[in-house]
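Structural overview
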Amino acid sequence: MTTPVLDIRGLSAGYGPLRVLHDLDLTVHAGERIGLVGLNGHGKSTLFRAVAGLTDWQSGSVLLNGVEVGGTRSQGPGRHTHEIVRRGLALMPQGDAIFPGLTVRQHLDAGAYTRRAWRERDRRCRDILDIFPPLEKLLDVAVGKLSGGERRMVSLGRGLMADATVLLVDEPSLGLAPKIGKTVMDALMRIDLESGAMIIAEQNLSLLEGRVTRLLGMHAGRLKGGGMTALPGRHVTGVEL
Amino acid sequence: MSWRNPQLRRDPAKGPVHPHLPVGRRRWWPRLRAHGGNTWRRMRYPLTRRHVLWTRGEYNPRNLAAEVRILDKRPLWWMAGLAFLAIAPLLTDDGTILSAASIFAIYAAINLVWMLVIGTAGITSLATLAIVGAGAYGGAYLSITYDWPWWSMLPVGGAIGLVFGVIVALPAIRLEGFYYALLTLGLAELCRVYVVQSRVFGSATGGMYGAATHIPDDLSDTGQLRFAYYAAFALMLCALALYRWVDGQRLGRLLRAAPEKNEAFAEAVGIDYRRARIQVFIISSVALGVIGGFYASHFKGASPSLFSMDSLLLMLAMIVIGGIGKAEGAVVGTLIVVAIDKVFIDLGALRLILIGAVMLVSVLTTRAGLFGIQAQFRAWREKKKSERRARRQEKGGEVVPEEATEIADKQAIYHRRFDKQMRDFLKTLVTDEVVEEHRLKPLGQHSEALSRLTNYFRRGPMADKYAVFTIVPMREYRVVALSGQRGVPPRLVNDRTYHSLGDAYHAVFLLRINDLLES
Amino acid sequence: MIADLPYVIVSALALWAIYGLLAIGISIVWSSLGMINMAHGFTFAVAGYGAWLAAQYVSDAGVVVLGAGILTGAVSGALIYAVAFLPLHDKPNFIVRSLIATLAISLLGTQALQWLFGPRVKSLPRVFGNTPLELGEIVITADKLGAVLSSTLLLGLVLLWMTRSRRGLEIRAMMQNPEGAALVGIGLRRTAMSVMAVTGALAGLASVLLSQTFFVSPGAGLQPLVKGLIVALCGGLGSIPGALLAAGLVGITEAATATWLGGQYVLMTQFGVIIGVLLIRPRGIGGLLDETRE
């Protein structure tokens, strides 16, 4: 059996005295496209942020491509994020972490910041434009002037530019018109994962249903659904989330 | 409050005799004596509705005695501190200490007024000393040139302060944050350059000296120093009263509701923050001008060092070490810095380095100065506790020792332990057969295992309890979770509709089983 | 009066160069690290002493003095980074606390310099020689020419580095969204280190240039700090073109006032101009980026 690209064991995380994630286990193998469903405030974004090392504190282990990137980090959020990102993680956060003053092309270049990706950034840039054709015309426009949907595409494209094996996409359809949200989601589904994996957090179940390899639910900081394989499976057959 | 054992009998020969108690009977009976409102009676300042001390009556969980607890002990500390400051000069006749004490009182007054702008209004204005200096120079000039008496310096200073207040308040409406800080810094620098170069204000002599003073010269040296100290102490008390009056009342509330970058929120709830800011600027500037007049009267003149960057830095060090936004921070910070500055005078320039180092250490390690340490330590402890709790093996709801110290009602701890054992036992009862049995006969007769399970589920707390919601009787049912709060409607659990009541019951049962197994 | 015009232009240019160096340092630090570096004046003074020490003990060749000033400035910038930025940057209330920390460094450092070197002023050797350049009737002294040329060169290099290189992209990304920058793999701390060192070097150069006309003293940093801050502010914190424009404006005002009105009015006219600019544009001339940072 190959090593999973992302292996989370007993992860708890939170902000100050508040504990958001409770002892969470998740194993993701290459080629998987996982949907993560749950209401607001149940820890979807916190899970992603904890993997990227952006939470206030966390404990438990996070293995990215077999390398430990988790552990207790109380020295401060964001201190190790860039190292984790260089190990092959791409997080496309909720509400677009974009740089309003840079142009689309500079954004995509910034996404290819890691040394190997930087050298072949032109090729990657073309790949991204294949996925998000509307960006072709906007390459030299400052991102601050784009519409919400275009910004989302830039944000996602920037994440894809990096050489990431694990793509964490947080609420790609949030705040977009339903039609545009659907386009963005379609683009995400078209991406060829090869040796990587993708987790999409989403509130709108209908956008994910039938299009992902696994669907997980998240409730009050715990995973439900696929995460329950650790429990004896016999009695949960009738339950859906 | 007393304890009485109803079964306790006294044998004259052997002392108290413990009888065999009937099973299930409590052995000790707490007898609550009526406290007659003592726990909630509070002292008020005469003619106002304000309380002297913030207290709360409560029953001590250990012996159920009615007690009054002081929730905020700061007024007591203030009284003790001020009483000490009032009698301290009588304990010494060291001239250095006495003059340092009056400087402390004047600077504390300035810092208290400054705190209104920098703490309550949250605007970094660095023109404070410039206003004090302007008041001092104006007063000294009139006193020297036209021979005005010392008491006229106070209103003159106030008037100059008013003018300056208007000048610094106007850009405060339009500029924000650092733009404003740097502008006021520039203003102070401008004043310094003007005063240093102006012949009228003593560019040749390095200041203006020879103004009238309130200190009577027929006293002995020590007497004069003591008199000067008590006058400065009275000034500090006035500044403290002003601080309380602005910070604790309506204006302070308005200002604290509209800190920088949150003006829009405040405006949305109808707070006219611009007006409030202008008001606080003008009030504090007039007060600073009066302090400036007092300063000129105290030192019999004024010197350009008032405008210099170094004195501004010293003032800032005082506020930062004590903690921004608190009156006690302003006073204690001033005390510390003045003590280092005046008492270690032998060290020369080294003492400024020492002050800088103290300031640096305090800003690097504390969030809000000396008086923010407690809150910061608590937040840190909470975070560590939370982390440690997470790192331990999951206890399934049982209280871990770190938590137990915070729970006042110890019964809750034992209840949770019992509940955990109960659930561990019940988990062993969940089998496919039991689930199947419930599916066939949701309402009974049930086997023993199943009835133990359902009994446990029935007992659960109302919050998040699953229930069946009838959409159309006999045809459509949904599963909901109760909110557990009056007036808050239940929420739907999933999007499934059940067509018979039995199915819905079974769905609820499955959800509960699921939650049980996960806990 | 008109006869003074060339002189005014020349000194305005020299002042523009020096203020530009200072203001851009402050501006870049604010926009990429979110910190007002009040210890910039300290860096300035330290660099002056570094250059003086080099001139005393190593050699008083122009290159050595300039190099020593720039190097000391960079080291001082790194020191400020280590003391004020590193322990505070992920703590709450960073902006105000770092401001106070840098102020404390400035207080401490100035006093330490006074303690080490004494209050007497020192003068630096002429870096650019003494031969003035004559263009027709206009005589340009060597130090002014050198100031304009060397600072234009260094500013140009810095701007090129900011816009072309990967590190420059890093800094601009960090300016606009620190968390986003971390998410594309940019190490906040290393980038901050290089920013502080580069701006420190700029201050060091400015220090050596300004010391051609003034002296090196422990408190020498105060005036340049206040002016640099005010120029940075007037140009809009975070905007490099804005800072350059504002430096020009302030330089012209200063040169014109000093020539036609008298030296004691310089500060007043400068403040008048700056307050005017700020009242019209509260965020400074190029104050657009500032909004994007928040």
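It should be noted that the structure appears before, not after, this text.
The structure presented is a predicted model; accordingly, all values stated were derived computationally and were not measured.

With six of its eight residues buried, helix α3 (residues 104-111) of chain A lies for the most part within the structure. Among the residues of α3 of chain A, Val104, His107, Leu108, Asp109, Ala110 and Gly111 of chain A are the ones counted as buried.

Proximity of charged atoms lets side chains of opposite charge pair with each other. Residues and elements named next belong to chain B. Counted by the stated rule, this structure contains 14 salt bridges over all chains. Residues Arg277 and Glu263 are paired through a salt bridge, measuring 3.2 Å at the closest nitrogen-oxygen approach. Linking Arg277 in helix α9 (residues 273-299) with Glu263 in helix α8 (residues 263-268), this pair joins segments that are 14 residues apart in sequence. Among the residues examined, Glu263 registers a relative accessible area of 16% and is labelled buried. For the salt bridge of Arg274 with Glu267, the shortest nitrogen-to-oxygen distance reads 3.3 Å. Under the relative-accessibility criterion, Arg274 is labelled partly exposed at 36%. Judged by its relative accessible area of 40%, Glu267 is partly exposed. Three or more residues are tied together by salt bridges with common partners; here these are Asp72, Arg74 and Glu328.

This next bit is on the interface of chain B and chain C. Interfaces are often described in size by the accessible area the parts lose on coming together. The interface of chain B with chain C comprises 36 residues on the first partner and 40 residues on the second. When the two sides are added together, the surface that chain B and chain C hide from each other amounts to roughly 3700 Å², 79% of it contributed by carbon and sulfur. Broken down residue by residue, the surface that chain B buries against chain C is led by Phe178, Tyr179 and Leu182 of chain B, which jointly contribute 20%. Linking chain B with chain C are zero salt bridges. Of the residues in the side of chain B that touches chain C, the class split is 24 nonpolar, five polar and seven charged.

Now for the pairing of strand β2 (residues 18-28) of chain A. Residue and element names in this part refer to chain A. Pairing of strand β1 (residues 6-15) with β2 involves seven bridges; the strand directions are antiparallel. Counted as the bridge partner of Leu11 is Leu24 from β2. Following β1, the chain reverses through two residues before pairing antiparallel with β2; Gly16 in that reversal takes a positive phi of roughly 60°.

Calculation notes
Residues numbered from 1 in each chain as written. Chains lettered and ligands numbered in written order. Predicted model: local features only at pLDDT ≥ 70, side-chain atom pairs only at ≥ 80, totals over all residues. Heavy atoms only, no water. Buried < 20%, exposed > 50% of the residue type's maximum accessible area, 1.4 Å probe, protein only. Helix = DSSP H or I, 4+ residues; strand = E, 2+ residues; numbered from the N terminus. Salt bridge = Lys/Arg side-chain N within 4 Å of Asp/Glu carboxyl O. Contact = heavy atoms within 4.5 Å. Buried area = accessible area lost by both parts, 1.4 Å probe. Nonpolar A, V, L, I, M, F, W, Y, C, P; charged D, E, K, R; others polar. Pairing = 2+ DSSP bridges.

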